[in-house]
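Observations on the three-dimensional arrangement
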Amino acid sequence: IEESRTFYNWDEFPKNNRIWFRMPNHLGDLIKWIPFIRTIRSSRPDAEISLLVKRPFVPLMEALKVCDRIIEIPKRNSHYIANFFRLRNQFPDTYYQLTTSLAADIEARLVNAPRRYGILWPGAKRPLLTDTFEMDSGWDERKNHQTALWEDFLRHFGLQGDIDFSPLRLAPSNEVINPLRCLQTESREAPYFGLICGAGNHPAKCWPVDYWVECVASLMDLYPDSNICLFGAKPDLPVSRQIIEQFEPGSIHDFTGSTNLMQFVMALRSCSVVISNDCGGVHLANALGIPTIGLYGVTNPVFTKPVFNSSVQIIQPSNCPQHGGASLNLICLSQVIEAVGKIVKQPEQAKREATKVS
């Protein structure tokens, strides 16, 4: 690549190919695809890389600067099909379909790129795509992570280079204010605990409210100067309110449903550790390099756990198969507190260690 650029005296490669990626609708999946997008962009300097993303994710993708263009996916209204149809006038050469829904395949067909790629699961049909990567019928979700499948898919269509799973870096911005900036602590060493106690509309993926209440009480006892911060989307508000009602007013900082995605990002970056149910937030915290504790029960962490090269501890119920299938009610408070202790030293422990050093 460098030899070619030197030979032709180019400051940068001409963008002769337009490659579009239709990104997933859910935050966790979108986050896990970013390492692959980074690798493609670095290995294809001749291509203009465009990402089609839902509107709430646009600011995050702009801040990450992992592509050349971002195209907002049209809203699902009476103009939806017409707006997608107009995108064909931008003449993409290749369209990677990173979701598996029929609606998204119809979008790909409307855009009408000459090459439309996707994964073909056993027993499925995707006639609106031009080429598919047929998944091996023996591929086992209980033994393999989904990113291994995604890598096979992309390498089948020419991906080169090692996948970069290093934590994400965001372009600096003065426009986004960190919601945690308003919190005051007497000690600069006081930890910030980020708790994501809901999981949208998936109650089976949630640790019970009573357990979260016990967890908050234990963190307050063990780390007296700490800040306990609750995060989540608007559907998680009932859970957060039930937790807050058990404590003195002002002792817990609740940001549930009150932050946009970029404010959420800024707040997570200030946390000492994030404890979360299996939801998009656990993947985002991990991608930002924040020490993360993920609570998994019925879902399968072997297949879907966070993938970035930063500290992450997966907690499952005792005697639960690695691929999940047990109730979150069986995760004990002691498991969570022990995981926190591996990341954040308790004040007395820190003092003892400091005394030994001196």
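Scroll up to find the structure this text is about.
Let me sum up the structure you'll find in this document. Along each chain, residues carry numbers from 1 onward, in the same order as the chain's sequence is written. In keeping with the predicted nature of the model, local features appear solely for residues at pLDDT of at least 70, side-chain atom pairs appear and are counted solely at 80 or more, and the whole-chain, interface and lining totals rest on all residues. Side-chain numbers here rest on the full set of heavy atoms in the structure, without hydrogens or water.

1. Some details on the pairing of strand β12 (residues 312–315)
On β12, burial follows the alternation: Q313 and I315 on one face are buried, whereas V312 and I314 on the facing-out side are not. Whether two strands pair comes down to DSSP finding at least two bridges between them. We count a stretch as a helix when DSSP gives it H or I for four or more residues in a row; a strand needs E for two or more, and each element gets its number in order from the N terminus. Inspection of the sheet shows strand β11 (residues 292–295) paired to β12 by 4 bridges, in the parallel sense. Residue pairing for β12: I293 is matched across the bridge by Q313. Buried, partly exposed and exposed residues are distinguished by accessible area as a fraction of the type maximum, computed with a 1.4 Å probe on protein chains only: under 20%, between the cut-offs, and over 50%, respectively.

2. Brief notes about the packing of aromatic side chains
Planes of paired rings set the category: under 30 degrees apart is stacked, over 60 is edge-to-face and the rest tilted, where pairs are Phe, Tyr or Trp rings (Trp by its six-membered ring) whose centres lie within 6.5 Å. Following the criterion strictly, the structure yields 16 aromatic pairs and no others. A centroid spacing of 4.9 Å and a plane angle of 10 degrees characterise the contact between F21 and Y96, whose relative ring orientation is stacked. Taken together, the positions of F21 in strand β1 (residues 17–22) and Y96 in strand β4 (residues 94–97) put the pair 75 residues apart, joining distant regions of the chain. For the pair F231 and F264, a centre-to-centre distance of 5.6 Å together with 50 degrees between the ring planes defines the contact as tilted. Of this pair, F231 sits in strand β8 (residues 227–231) while F264 sits in helix α9 (residues 261–269), and the two are 33 residues apart along the sequence.

3. With respect to the layout of surface pockets
Think of a 1 Å grid over just the protein atoms. A cavity is a set of points where a 1.4 Å probe fits yet cannot get out, a pocket is an open set with protein on both sides within 12 Å along at least five of seven lines, and lining residues have an atom within 4 Å of a point. Grid points are joined across faces, edges and corners, and a volume is the space filled by probe spheres set on the points. What the largest pocket holds in volume is close to 1100 Å³. Those elements that provide at least two residues to the lining of the largest pocket are α2 (27–43), α9 and α10 (280–287). A class-by-class count of the residues in the lining of the largest pocket yields 14 nonpolar, 18 polar and 6 charged. Space inside the second largest pocket adds up to approximately 350 Å³. Around the second largest pocket sit 18 residues that line it, and D29, L98, T99, T100 and W150 are the ones nearest its centre. Elements that contribute at least two residues to the lining of the second largest pocket include exactly α2 and α6 (146–156). Element by element, the count of residues in the lining of the second largest pocket is highest for α6, at 4 residues. Here the term charged refers only to Asp, Glu, Lys and Arg, the term nonpolar to Ala, Val, Leu, Ile, Met, Phe, Trp, Tyr, Cys and Pro, and the term polar to all other amino acids, Gly among them. Of the residues belonging to the lining of the second largest pocket, the class tally is 9 nonpolar, 7 polar and 2 charged.

4. What about the environment of L154?
With respect to the helices and strands, L154 occurs in helix α6. Along the chain, L154 and I343 lie 189 residues apart, while their C-alpha atoms are 36 Å from each other. In this structure, L154 is in contact with W33, F36, I40, Y96 and L159, ignoring residues within four places of it in sequence. Whether two residues touch is decided by their heavy atoms; if any such pair falls within 4.5 Å, the residues are in contact.

5. So, the pattern of salt bridges
For this analysis, a salt bridge means a side-chain nitrogen from Lys or Arg found within 4 Å of a carboxyl oxygen belonging to Asp or Glu. In this structure the tally under the stated criterion is 8 salt bridges. Across the pair D68 and R41 runs a salt bridge whose closest N-O atoms are separated by 3.2 Å. Remark: R41 occurs in helix α2 and D68 occurs in the loop between α3 (58–64) and β3 (69–72); sequence separation between them is 27 residues. Judged by its relative accessible area of 31%, D68 falls in the partly exposed class. Taking relative accessible area as the criterion, R41 reaches 31% and is therefore assigned partly exposed. The salt bridge partner of D46 is R44, with a shortest N-O separation of 2.8 Å. Note on R44: relative accessible area 30%, which makes it partly exposed.

6. Remarks on helix α5 (residues 102–111)
Among the residues of α5, A104, D105, E107, A108, L110 and V111 are the ones counted as buried. Where α5 is buried, its residues contact β1, α4 (80–86), β4 and β5 (115–120). Note on α5: the residue one or two positions beyond its end, N112, has a positive phi of about 65 degrees.

7. Some points on the sheet that holds β3
Read from one edge to the other, the open sheet built from 6 strands follows the order β3-β2-β1-β4-β5-β6, with strand pairing classed as parallel. Looking along the sheet, the strands with just one partner apiece sit at the ends: β3 and β6 (131–134). Across this sheet, the average inter-strand angle for adjacent strands is 20 degrees, counted without regard to direction. Pairing geometry for β1 and β4, over 4 bridges, is parallel. Note that in β4 the partner of W20 across the bridge is Y95. Only the stretch in contact is used when a helix axis is fitted, and all axes are lines through C-alpha atoms; the angle between N-to-C directions ranges over 0 to 180 degrees. The sheet strands contacting α5 are β1, β4 and β5, and the helix crosses β4 at an angle near 175 degrees.

8. Considering the nonpolar core
Core analysis: the biggest nonpolar cluster contains 65 residues, and F21, L51, L60, F231 and L284 have the highest contact counts within it. Top contributing element to this core by residue count: α2, with 8 residues. Beyond its immediate sequence surroundings of up to four residues, F231 is in contact with L180, G194, L195, I196, C197, F255, T256, F264, A267, L268 and C271. By convention a nonpolar core is built from buried Ala, Val, Leu, Ile, Met, Phe, Trp, Tyr and Cys residues, the set being connected through side-chain atoms within 4.5 Å. The next biggest cluster of nonpolar side chains, apart from the first, holds 29 residues, and it includes W212, V273, I315 and V340.

9. Side note on the side chain of H145
Summarising the element assignment, H145 is placed in the loop between β6 and α6. Definition of a polar contact: a pair of N or O atoms within 3.5 Å, with one able to donate and the other able to accept a hydrogen when the atoms are protein atoms, and with sequence-neighbouring residues admitted only if both atoms are side-chain atoms. Looking at H145, its side chain comes within polar contact range of the main-chain oxygen of K305, at 2.7 Å. Filtering out sequence-adjacent residues up to four positions away, H145 remains in contact with K32, W139, P301, V302, F303, T304, K305 and V307.

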